Amino acid sequence: MKRPLCYYGNPILRVKALPIETITDEIRQLAADMIETMDALNGVGLAANQVGVALQIFVIRPELKNEQGDYVLGPPEVYLNPRLSHPTADEETMNEGCLSFPGLHAEVTRPYGIHLEALDLEGKKVALDLFGFKAREIMHENDHLNGKLFIDRVTEKTKKEIAPFLKELKRKYFL
């Protein structure tokens, strides 16, 4: 079931999510709902905070190359209680957007790679070294679970430039 999205200005986006203690049918349904919501909004990632649930779970669709060399979205992946470590010294700056900020994109610098440890929906431990766009997806969604937004990672100059847009977003979707 598609869930309502929380937009910029909603305080839940600044809440630090709680760990998931037990993987229940409700957690599995939350994951399915998040995937449906992400897909309906043409997103590549979604954190539970963005659908009003302060639990440590996010979903992504990784970017893959098909046989023709074109980028396509892969099957959905679900991560619970993620922990990130060992960011690479190499960084990469890319344009980022967020479903909770419709129409806004801004340059964000992040480490090129990261180590992820999490649980899957079966409770199995996942440990991955990720690089490039998938690492960026993971870092972006993990930030949500810590109450951090991509706009917190932009330069001061960009913050000033996007301030009117953020004010309008807040007025339109939250106030």
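Counting restarts for each chain, with residues numbered from 1 along the sequence as it is written. Local features are withheld for residues below a pLDDT of 70 in this predicted model, meaning they are given only at 70 or higher, and side-chain atom pairs are given and counted only at 80 or more; totals for whole chains, interfaces and linings count all residues. Based on all heavy atoms of the structure, the side-chain values leave hydrogens and waters out of the count.

Colleague: Got a minute to help me understand the overall build of the protein chain in this structure?
Modeller: In this text, helices come from DSSP runs of H or I with a minimum length of four residues, and strands from runs of E with a minimum of two, each type numbered from the N-terminal end. If you tally the helices and strands in the protein chain, you get three helices and nine strands. Secondary structure of the protein chain in N-to-C order comes out as α-β-β-β-β-β-β-β-β-β-α-α. For a compact globule the rule gives 2.2 Å times the number of residues to the power 0.38, and the radius of gyration it is set against comes from C-alpha atoms. Relative to its length of 175 residues, the protein chain is compact, with a C-alpha radius of gyration of 16 Å against a globular reference of 16 Å. When the backbone C-alpha atoms are referred to their principal axes, the protein chain occupies close to 45 × 35 × 35 Å. For the protein chain, buried positions account for 43% of its 175 residues. Taking as baseline every contact in the protein chain between residues at least 6 positions apart, the subset at least 24 positions apart corresponds to 65%. Residues scored as positive are Lys and Arg, those scored as negative are Asp and Glu, and His as well as the terminal groups of each chain are ignored. Charge placement uses NZ in Lys and CZ in Arg. For Asp and Glu, CG and CD serve respectively. Taken as two groups, the 22 positive and 26 negative side-chain charges of the protein chain have centres that lie 7 Å from each other. Partly exposed describes any residue whose relative accessible area lies between the buried limit of under 20% and the exposed limit of over 50%, with all areas from a 1.4 Å probe on protein chains only and scaled to the type maximum. When checking whether two residues touch, look at their non-hydrogen atoms; a contact exists if any pair is within 4.5 Å.

Colleague: In this structure, what is going on with the nonpolar core? I would like to understand it.
Modeller: Nonpolar side chains in soluble globular proteins generally cluster together in the buried interior. Residues belong to a common nonpolar core when they are buried Ala, Val, Leu, Ile, Met, Phe, Trp, Tyr or Cys residues joined through side-chain atoms within 4.5 Å. Met34, Leu46, Ile57, Val59, Val78 and Leu80 are the most contacted members of the largest nonpolar core, which has 18 residues in total. When contributions to this core are tallied by element, the ones reaching two or more residues are α1 (25–40), β2 (57–60) and β5 (77–85). Take this core: its biggest share by element is six residues, from α1. Residues within four places of Leu46 in sequence aside, it is in contact with Leu5, Met34, Thr37, Met38, Val51, Phe58, Val59, Leu99 and Glu141. Tyr8, Phe101, Ala106 and Val154 belong to the second largest nonpolar core, which has 16 residues in total.

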